[in-house]
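# Inside the fold
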Amino acid sequence: MRILLFFTFVFASLGLAAQAQPPTRTFSPDVYQGGSQNWSISQGERGFIYVANNRGLLEFDGERWSLYASPNGSILRSVKVIGDRVYVGSYQEFGYYVLPTESNSRDAPASNEPAYVSLSAPVADQLSGDEQYWKIEAFGELVLFQSLNEYWLYNPTDGQLKPFSANNGLTRLFVVDNAIYFTDGDHNLFRVSGQANTTPLTAGGDQYPLVYLWKERGHLFAQTADHGTVELVGEQWEKRARYPFLRGHQIYSATELRNGGVAFGTISDGLYVTDRDGRLVNQLDRVDGLANNTVLSLFEDNQHNLWVGTDNGISCVNLQSPVKKYTDQTGRIGTVYAATKHRGRLYLGTNQGLFIQDDNGASPPQIVNGTRAQVWALFVHHGTLFCGHDRGTYVIDGEDARLVSPGSGTWNFVSIPGRPDLLLQGTYNGLAVLRKSGNTWALRNTVEGFNYSARFLTTHGEREAYVSHEYRGVYGLRLDADYRRVVEERLYGTPAKENNAGLVDYSGRIYYYSGAGIYALKNFEAGFARSRVLSDLFDPAEYTSGRMTVDDRRLWFFTNRGVSFLHPDVLGNGLKRSSIPIAGELIDAKLGYENIYNLGGDTLLIGTADGYLSLALASIPLHQHRLHLRNVSALPAGEEAKDLALDDEPNLRHGAHNLRFEVAAPVYDKYFTPVYQYRLLGQSAEWSALSPSATANFSELPAGRYVFEARSLLGRRASENTVRYAFSVRPAWYATWWALCIYASALLLLIYLFHRNNRQYYERKAALLEKENQRKILVQQREAELELTRLNNERLREDVAGKSREMAQSTMSLVKKNELLQRIKDELKAKRPAENNVAKVLQTIEDNIDEAETWNVFKHAFENADQDFFKKVKERHPSLTPSDLKVCAYLRLNLSTKEIASMLNISPRSAEVKRYRLRKKLELTRDDGLADYIISL
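Residues numbered from 1 in each chain as written. Predicted model: local features only at pLDDT ≥ 70, side-chain atom pairs only at ≥ 80, totals over all residues. Heavy atoms only, no water.

The name given to the protein in an unreviewed UniProt entry is DNA-binding CsgD family transcriptional regulator, and the organism recorded there is Neolewinella antarctica.

Take a look at the structure:
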């Protein structure tokens, strides 16, 4: 019988080792900056965790650890939070810390750290020598401090302390059903009646070191350190067949869980967790992420997390997390690339081969014979399981694999509409078709005309296939009726090629996802177009991979912010995005090969680099949580940071206008963590973007009053409160009121001095200007006189010149007249016949009216009177002829047209023509007078 129980236990342990385990967060001493051993754990009303550590009291708020030194520098052995007090016990010392609050309270300490109050100091002379207080319990309204020889009862209401000593030591103490039980040095069990009367419960028989005591149906049961479970029958312990998996292990700690189960901590063998019926549900050790295999303390918090204080670190096990993690610690299974359920068993395609596991996970995954190599895809088609493998395609039947398509490796599979006997597969070298003949599948043909890798393959309608090639782009292929060759191929320019971009058929539409967004197929000819509506659902900053997975109703995506899916919007006709707030780095999936599979009942399996995660969507927590302001510090330039009181509204000096705010939400789930938003009213009313950082910094704040606000989001649930902290920044000394008064006085003085200097300046300027004006007036008068003299001289010269011309004209006329008369006289005196004299006189008159001779005489006289006229005219108008110059000269003398005609011996009409031609040559406008222009030269 014992052998049967032993093997039952061994196989059960093996099954548990193969099971997916709850997530575990582990904190090493380097993380919490404390000692290695952790003796007791408790939780406060705000949700913070407190740990009795070798170096003092540890506090964890979900974001950061704080260490408060023990009162006398000794090891803290026990901790218990009751109300706003953290009771602790150590060597020759017990007391409590008063927790700081986030609002005004007379009990809150002046600083942000807990203040310690010693309870043992007033009774130090009554303490047993060399005592350490190992346990603290709440007993009604009293608080009990237990050492190995005594315990003290403390009444917080009146501050009274009462001791109780055990004659033979006090090794363990339990509070069960509002009664105190303890064991002495011989492991005898006693019950305390009232507060001091003891009643022995065991006598004779075997006595055992007890670790855990409880009542069941009115009977006392106990778990011993190394002798299994016992029941108190009469005054003796009798062994019971409980928790057989604990046999052979040294039990050191235990705690009852809220679900009725029990957690047991062992020395060197890790943690065991049972359900309410005593069945083992979890066994964890260092391989599963536990800090150490020796468990010194256990505590279940208000979110059903199990805190494990070990010999070297602290772990937090998320017992009720919807996520379970199967970790391949040996590396035998490797990275999971595909998963599916088939005929009640779970198949895992990994880089090490194809593995099979019972659906309940009771046994470890086993390799399917002949599949040891890379597996890319698993596909169930009409009851047959196909495996896309590096060596080709396998048909899987239970634990047997048959290679049906050897040669080129197979990436994936798609069904062919209307042809259940055919299956299209994407291979390393293009496309291939499998055909079912009878009950046997075999390779029928490779598709001719397309030889590129078809890792992402999908079909649409009849005879249309689409392939996304990472380095070439997206192809549209139109196949012949029998799927043997490509009859038309298109390489679309849009979308652009990109690594890890994905291509799927979801709800009858083809989608392509890359860093540029989501594209939808329009038709074979038009190709793809970017969907603005769907693309706007995703922030480009969160893109890591375009790999998509379809499971009936949902289209899954992996981003650096977690896992998301599109699904039909029940309130509209489009698609809606929903997200599972799991950090992408915690999933640890293979980039570009992310995969997710619905195991049924909305439980998902996500392949990871070292195993897989199972996620129960219906159990995703929506914890109520509150946000707490943990610390505010001012950071003056060049100085150390200064913590500010949390229960006051500080008025900061200008040099301390750089502030850091630290908040925390006491949430301890490994995969579901809060994100935060901040704003600083007085600077901006806009909230910041959601961020995992629980610290906000604001630099170089100008003078004014501000209110800092923070809130958090856990999954889809916001925090129950918004943190607020008001403060003011004083203006710099040079902006204070007295400095402004000085500035105003100085300004008024400057204005006065400026006005006085300005007035004196302008007075001097006016005097100088007056002198200058007088000088200018004298100069102007002198210049006017000179100008008047010049004008008079000029007028005189013009008058002289005019008179000279008139004189020359008159002289010429008189000379010519006298000469003519003298000649006529001489001709008349000549002794000739009368007829000859008349003829001769007529000839003389004719000769004297000769135009050329007249002109020469006139020209000679004119040049003597106006010497530079002809020169000026020729320089300005070199094209003028001598005839034109004659007209100019006559016009200079202001002769009329008739007079000019007489001088030229032509008709007045001809003289008008000459005047017109001269105007043309002189290029005068209609408004310019010809005579005026000639006279002005």
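A tally of regular secondary structure across the protein gives twelve helices and 65 strands. In the protein, buried positions account for 47% of the 937 residues. Counted over contacts in the protein with a minimum sequence separation of 6, partners at least 24 positions apart contribute 49%. Working note: accessible area of the protein is about 46,600 Å², and carbon and sulfur atoms make up 50% of it. (Helix = DSSP H or I, 4+ residues; strand = E, 2+ residues; numbered from the N terminus. Buried < 20%, exposed > 50% of the residue type's maximum accessible area, 1.4 Å probe, protein only. Contact = heavy atoms within 4.5 Å. Areas by Shrake-Rupley, 256 points an atom, 1.4 Å probe, with all protein chains shown as cover.)

A few words on the packing of helix α10 (residues 897-904) against helix α11 (residues 908-922). Closest axis-to-axis distance for the α10/α11 pair is 8 Å, and the angle between their directions is 105°. Overall, the two elements α10 and α11 adopt an arrangement that is roughly perpendicular. Contacts between α10 and α11 pair Thr897, Ala901 and Leu904 from the former with Pro908, Ala911, Glu912, Lys914 and Arg915 from the latter. Its residues placed into classes, the contact of α10 with α11 shows four nonpolar, one polar and three charged. (Axes fitted to C-alpha atoms, helices over the stretch in contact; angles between N-to-C directions. Parallel < 35°, antiparallel > 145°, perpendicular 65-115°, else oblique. Nonpolar A, V, L, I, M, F, W, Y, C, P; charged D, E, K, R; others polar.)

Right, let's get into α11. Helix length check: α11 (15 residues) gives 21 Å between terminal C-alpha atoms against 21 Å at 1.5 Å per residue, within 8%. Those residues of α11 not exposed but buried are Ala911, Leu918 and Leu922. Down the axis of α11, the smallest arc covering the buried residues is 30°, so these residues share one side. Across α11 from its buried face, at more than 90 degrees, point the exposed residues Arg909, Tyr916, Arg917 and Lys920. Looking at the packing, one finds that the buried side of α11 touches α9 (882-892), α10 and α12 (930-936). Just beyond α11, the residue with positive phi is Glu923, at close to 55°. (Expected span 1.5 Å × (residues − 1). Arc of directions from axis to C-beta.)

What follows deals with unusual backbone geometry. Trans peptide bonds make up most of the peptide bonds, and negative phi angles are found at most residues other than glycine. Cis geometry marks the peptide bond from Thr494 to Pro495; its omega dihedral reads 5°. Tracing the sequence through the fold places Pro495 in the loop between β45 (486-492) and β46 (502-506). Even without being glycine, Asp177 reaches a positive phi, approximately 50°. In this structure, Asp177 sits in the loop between β14 (172-176) and β15 (179-183). By relative accessible area, which is 59% here, Asp177 ends up exposed. Of note in the backbone geometry, Asn500 takes a positive phi value of approximately 65° without being a glycine. Looking at where Asn500 falls in the secondary structure, it is placed in the loop between β45 and β46.

As a further point, take the sheet that holds strand β35 (residues 384-389). Read across the open sheet, the four strands follow the order β34-β35-β36-β37; overall the sheet is antiparallel. Each edge of the open sheet is held by one strand with a lone partner, namely β34 (375-381) and β37 (400-406). Strand-to-strand twist across the sheet, computed as the mean angle between neighbouring axes with direction ignored, equals 25°. Where β35 meets strand β36 (residues 392-397), five bridges bridge the pair, whose relative direction is antiparallel. Looking at β36, one finds that Gly388 is bridged to Thr393. (Pairing = 2+ DSSP bridges.)

A separate point is the nonpolar core. Formed by 45 residues in total, the largest nonpolar core has its most connected members in Ile580, Phe708 and Phe727. Discounting chain neighbours no more than four positions away, the residues touching Phe708 are Leu629, Phe661, Val663, Tyr678, Arg679, Leu680, Ala696, Phe698, Val723, Arg724 and Tyr725. Among the nonpolar cores identified, the runner-up in size contains 25 residues, and Tyr32, Val88, Cys316 and Tyr668 belong to it. (Core = buried A, V, L, I, M, F, W, Y, C linked by side-chain atoms within 4.5 Å.)

The strand order across the open sheet built from four strands is β42-β43-β44-β45, with neighbouring strands paired in antiparallel fashion. Two strands close off the open sheet at either side, each with one partner strand: β42 (456-459) and β45. Recorded for the sheet is a direction-independent mean angle of 20° between the axes of neighbouring strands. In this sheet, strand β43 (residues 464-469) lies alongside β42 in antiparallel orientation, the contact comprising four bridges. Considered in β43, the bridge of Phe456 is made with Ser468.

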